Amino acid sequence: MRLPKEFRLTGTEVRVRRVGRSVLLEPIDEPFDVKAWFGKLDEYLGELFMPDGRQQPLLLPAQKIFDE
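In this report, we go over the structure that sits alongside the text. (Residues numbered from 1 in each chain as written. Predicted model: local features only at pLDDT ≥ 70, side-chain atom pairs only at ≥ 80, totals over all residues. Heavy atoms only, no water.)

**A look at the pattern of salt bridges**
Two side chains of opposite charge can pair, provided their charged atoms sit close to one another.
Next, step 1: Under the criterion given, the structure shown has three salt bridges.
Next, step 2: The shortest N-O distance in the salt bridge between E26 and R17 comes to 3.2 Å.
Next, step 3: With relative accessibility at 40%, the residue R17 sits in the partly exposed group.
Next, step 4: K40 is paired through a salt bridge with E43; the nearest N and O atoms lie 3.3 Å apart.
Next, step 5: Each of R15, R17 and E26 takes part in a single network of salt bridges with overlapping partners. (Salt bridge = Lys/Arg side-chain N within 4 Å of Asp/Glu carboxyl O. Buried < 20%, exposed > 50% of the residue type's maximum accessible area, 1.4 Å probe, protein only.)

Written out as structure tokens, the structure is:
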């Protein structure tokens, strides 16, 4: 099956994803560089993920829901 001319993409590969009830085709212009991706993550090794701590609402006390 071929896409109509106005929907054709450049390149030879596409990434296929489901978005709700639709299907999204994205052109893959260049291969994913795993080493570069991890290298970018490594730039943040010395930084705190949540410098102000985790801001979570207080939990309600546990309730007894079953008779023992």
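Right, picking up where we left off after that structure.
**Describing the pairing of strand β1 (residues 14-19)**
Next, step 1: Pairing of β1 with strand β2 (residues 22-27), which is carried by six bridges, proceeds in the antiparallel orientation. Each bridged residue has a counterpart across the sheet, and for R15 the counterpart in β2 is E26.
Next, step 2: Taking the residues between adjacent antiparallel strands as the criterion, β1 and β2 are bridged by two residues, where G20 takes a positive phi near 65°. (Pairing = 2+ DSSP bridges. Helix = DSSP H or I, 4+ residues; strand = E, 2+ residues; numbered from the N terminus.)

**Here's the deal with the packing of aromatic side chains**
Next, step 1: Evaluated as defined, the whole model comprises two aromatic pairs.
Next, step 2: When the centroid spacing of 6.4 Å and the interplanar angle of 55° are considered together, the rings of F32 and W37 count as tilted.
Next, step 3: Residues W37 and F38 carry aromatic rings whose centres are separated by 4.9 Å and whose planes lie at 80° to one another, so their mutual orientation is edge-to-face.
Next, step 4: F38 sits in the partly exposed class, given a relative accessible area of 43%.
Next, step 5: One aromatic cluster is present, formed by F32, W37 and F38 through successive ring pairs. (Phe/Tyr/Trp six-rings, centres within 6.5 Å; stacked < 30°, edge-to-face > 60°.)

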